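Single-letter residue listing:
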Amino acid sequence: MEIKIGEVIRNKRRLMNISQETLAEKTGVTIQAVSKWETGMCYPDITVLPKLADFFGLSMDGLFFGIDGDVLHGLPDDDKPRIVQCIGNRVIDKKEFVSNAKKNKFTLIIPENGEKVINLEIWGDADIEGNVSGFVDAGAGVNCGDVGTYVDAGGCVNCGAVGGYVNAGGGVNCGSVEGYADAGGAVNCVNVKGNVSAGDSVHCKDVDGDVSAGDDVTCTQINGSVTCGGNVNFKAK
């Protein structure tokens with residue numbers, strides 16, 4: 001069987017979008033050593049092989065020969081189901097799956113990733129640690145930091161600033177919303193540049209558009225019309 005360790009290291013490093021310098025730092029070698037591995041001039045020292053396999057999430061066969069069936073190191077082979085989050089093939093979080101559904105809720109970790117746009121489609125609740133550069137589409141509630149484009153959720157939405165619109169089956173609690181907020185429950189936002197439609201009360205700082213609420217409306221400023229099933233309360237800035 002042909003040894004492909006240099007090719008495997010080069011391909012895995014590029015897939016992870018890291019430099020030779022970063023890989024050298026992670027494995028405790030020089031940049032020159034990494035370069036020689038990737039060009040086939042020499043093989044990694046035997047003491048470095050476990051570090052490389054663990055860093056890339058490969059078995060030794062996968063590292064040496066590039067075969068399928070790479071494994072996630074650090075997890076025992078005991079047939080227990082687990083929830084694992086990865087960036088490419090690099091594990092960033094792992095939790096054991098248990099039979100009690102309430103204990104299976106876990107936080108989705110979104111790393112800082114520069115200019116790369118991340119869009120998320122989730123069937124259930126979206127409990128996200130960090131910001132999402134793209135959109136979040138969830139079958140239930142959404143809890144996260146800022147969202148670059150829009151949020152479409154079957155439940156409540158609790159997040160930072162939203163670059164587009166928010167469509168929620170429940171209440172909406174956000175920072176600024178650069179569009180409209182359509183909610184089945186109450187809407188609590190700092191600033192909405194558009195219109196707000198809520199099945200319950202609306203509490204906002206500024207709204208540059210129309211507001212339609214099933215209950216009371218409390219806002220600092222509204223540049224448009226207001227329709228509500230309760231009272232309208234304006235607060236001074």
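Residues numbered from 1 in each chain as written. Predicted model: local features only at pLDDT ≥ 70, side-chain atom pairs only at ≥ 80, totals over all residues. Heavy atoms only, no water.

A. Region of interest: the packing of aromatic side chains. Under the counting rule described, the total for this entry stands at four aromatic pairs. When the ring of F55 is compared with that of F56, the centres are 5.4 Å apart and the planes differ by 70°; the resulting orientation is edge-to-face. With respect to burial, F55 and F56 carry one shared label: buried. Between Y150 and Y165, the aromatic rings sit 4.9 Å apart at their centres with planes inclined by 5°, giving stacked as the arrangement. Highlighted residues: Y150 in the loop between β7 (142-143) and β8 (151-153) and Y165 in the loop between β9 (157-158) and β10 (166-168), separated in sequence by 15 residues. A relative accessible area of 22% places Y150 in the partly exposed class. The rings of F135, Y150, Y165 and Y180 are connected pair by pair, giving a single aromatic cluster. (Phe/Tyr/Trp six-rings, centres within 6.5 Å; stacked < 30°, edge-to-face > 60°. Buried < 20%, exposed > 50% of the residue type's maximum accessible area, 1.4 Å probe, protein only. Helix = DSSP H or I, 4+ residues; strand = E, 2+ residues; numbered from the N terminus.)

B. Local environment of helix α3 (residues 31-39). Residues A33, V34, W37 and E38 constitute the buried set of α3. Projected down its long axis, α3 shows its buried positions confined to an angular sector of 130°, all on one face. Exposed and facing more than 90 degrees away from the buried side of α3 are Q32 and T39. Looking one or two residues beyond α3, the residue adopting positive phi is G40, at roughly 80°. (Arc of directions from axis to C-beta.)

C. Seen up close, the packing of helix α1 (residues 5-15) against helix α4 (residues 49-56). Running from amino to carboxyl end, α1 crosses α4 at an angle of 40°, the nearest separation of the two axes being 11 Å. Put simply, α1 runs oblique to α4. In this structure, the crossing between α1 and α4 has a hand that is left-handed. From α1, I5, I9, K12 and R13 reach across to α4, where they touch L49, L52 and F56. Looking at the contact of α1 with α4 residue by residue, the class counts come to five nonpolar, no polar and two charged. (Axes fitted to C-alpha atoms, helices over the stretch in contact; angles between N-to-C directions. Parallel < 35°, antiparallel > 145°, perpendicular 65-115°, else oblique. Left-handed = near helix turned anticlockwise from the far one by under 90°. Contact = heavy atoms within 4.5 Å. Nonpolar A, V, L, I, M, F, W, Y, C, P; charged D, E, K, R; others polar.)

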